[in-house]
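Chain by chain, the residues run as shown.
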Amino acid sequence: MHAERRPFIGGNWKMNSDLASAVELAEAVVAALGPAGAAPHALEETVDAAVFPPFPYLQAVGRALGHSAVMLGGQDCSAEASGAFTGQVSADMLCDLGCRSVIIGHSERRHGLGEDDALLHQKLAIALESGLAAVLCVGETLSERDEGRAEGVVRAQLRGCFGTLTAETVERAVVAYEPVWAIGTGRTASPADAQRMHAAIRHELGSLYDSRFAAKARVIYGGSVNAKNARAIFDQPDVDGGLIGGASLKAGDFASICRAAAEAWSATGGH
Ligand code: 13P
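First things first, this report covers the structure right here in the doc.

Calculation notes
- Residues numbered from 1 in each chain as written.
- Predicted model: local features only at pLDDT ≥ 70, side-chain atom pairs only at ≥ 80, totals over all residues.
- Heavy atoms only, no water.
- Salt bridge = Lys/Arg side-chain N within 4 Å of Asp/Glu carboxyl O.
- Helix = DSSP H or I, 4+ residues; strand = E, 2+ residues; numbered from the N terminus.
- Buried < 20%, exposed > 50% of the residue type's maximum accessible area, 1.4 Å probe, protein only.
- Pairing = 2+ DSSP bridges.
- Axes fitted to C-alpha atoms, helices over the stretch in contact; angles between N-to-C directions.
- Contact = heavy atoms within 4.5 Å.
- Near = heavy atom within 4 Å.
- Polar contact = N/O pair within 3.5 Å; in protein donor to acceptor, adjacent residues only side chain to side chain.
- Areas by Shrake-Rupley, 256 points an atom, 1.4 Å probe, with all protein chains shown as cover.
- Nonpolar A, V, L, I, M, F, W, Y, C, P; charged D, E, K, R; others polar.

**Structural notes on the pattern of salt bridges**
Next up, step 1: Considering all chains together, one arrives at 21 salt bridges under this definition.
Next up, step 2: For the salt bridge of Arg 109 with Asp 76, the shortest nitrogen-to-oxygen distance reads 3.2 Å. Placement of Arg 109 in helix H5 (residues 107–113) and of Asp 76 in the loop between strand E3 (71–74) and helix H4 (91–96) is noted, with a sequence separation of 33 residues between them.
Next up, step 3: Across the salt bridge formed by Glu 115 and Lys 123, the nearest N and O atoms sit 2.9 Å from each other. Here Glu 115 and Lys 123 have matching classes, each one buried.

Shown next as structure tokens:
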């Protein structure tokens, strides 16, 4: 963490839950992060927390979040504004439902559905134009890491996705480093490996834009983060939070991870 960058913690619920359990989880997250659940400050005031439920449950989860500071987000959006795109959901539709954030380029879409950087660039542009705080995911596969290409792959993804977007446009973006081999495997990057890649990402953002932009940009880590390992990862100077899969499905664990971020941030002099 760094004192000048407020932590961002996202709960990516993926294709889990049903309507009733999604609402229940949202209510439990609000209870754990809101004024009633924490001292001396509500966690929702110390960290930017967001939940990303499946599309069909967005409205119900949004209602359950009520006036809490926990943000609602979509797991994806279309690269198109509107029209004949069966099954897709536009960035404006997400805004309409009260979303303030959206995940772009999750590896389960890059590798599972073949989304490439050119498409993700369009999605990122339209999401940011709609006013959403887009969380752009980047990360290498295990074979890319074993071949010593991890940093090059991630830098190329950043260049491909940010492309020609101006610094002003991408101000609201958050970058999530999610090594593909660490997602849902129980295997996390070591804090030192995460730090090394986060520093490389920040360096690449500096070359794409400038050092002031890079110093302000939030780069979060995702991949088997849980209540136990979160603090060591968040203590790294270039790690500004996390994108949490499995552990975000339990409100208590999600809150513990938010608390770890708040404590790591506070240790740097941030508050
Ligand atoms: P897990 O935390 O389940 O490994 O998932 C990480 C992830 O993909 C978050 O987007």
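**Things to note about the sheet that holds strand E1 (residues 8–12)**
Next up, step 1: Sheet architecture is closed into a barrel: eight strands sit in the order E1-E2-E3-E4-E5-E6-E7-E8, paired in parallel fashion. Across this sheet, the average inter-strand angle for adjacent strands is 25°, counted without regard to direction.
Next up, step 2: Where E1 lies against strand E2 (residues 48–52), five bridges are found, and the strand directions are parallel. In the sheet register, Gly 10 faces E2, and the bridge partner there is Ala 50.
Next up, step 3: Packed onto the sheet, helix H6 (residues 117–129) meets strand E4 (101–104) and strand E5 (133–138) and runs at close to 175° relative to E4.

**A closer look at the site of the ligand**
Next up, step 1: The immediate surroundings of the ligand are formed by Asn 12, Lys 14, His 106, Glu 178, Ala 182, Ile 183, Gly 184, Gly 223, Ser 224, Leu 243, Gly 245 and Gly 246.
Next up, step 2: A distance of 2.7 Å is found between an oxygen atom of the ligand and a side-chain nitrogen or oxygen belonging to His 106.
Next up, step 3: In this structure, an oxygen atom belonging to the ligand sits 2.9 Å away from a main-chain N or O atom of Gly 245.
Next up, step 4: When the ligand sits alone it has 310 Å² of accessible area, and the protein chains cover 94% of it.
Next up, step 5: Class assignment for the residues of the shell around the ligand results in three nonpolar, seven polar and two charged.

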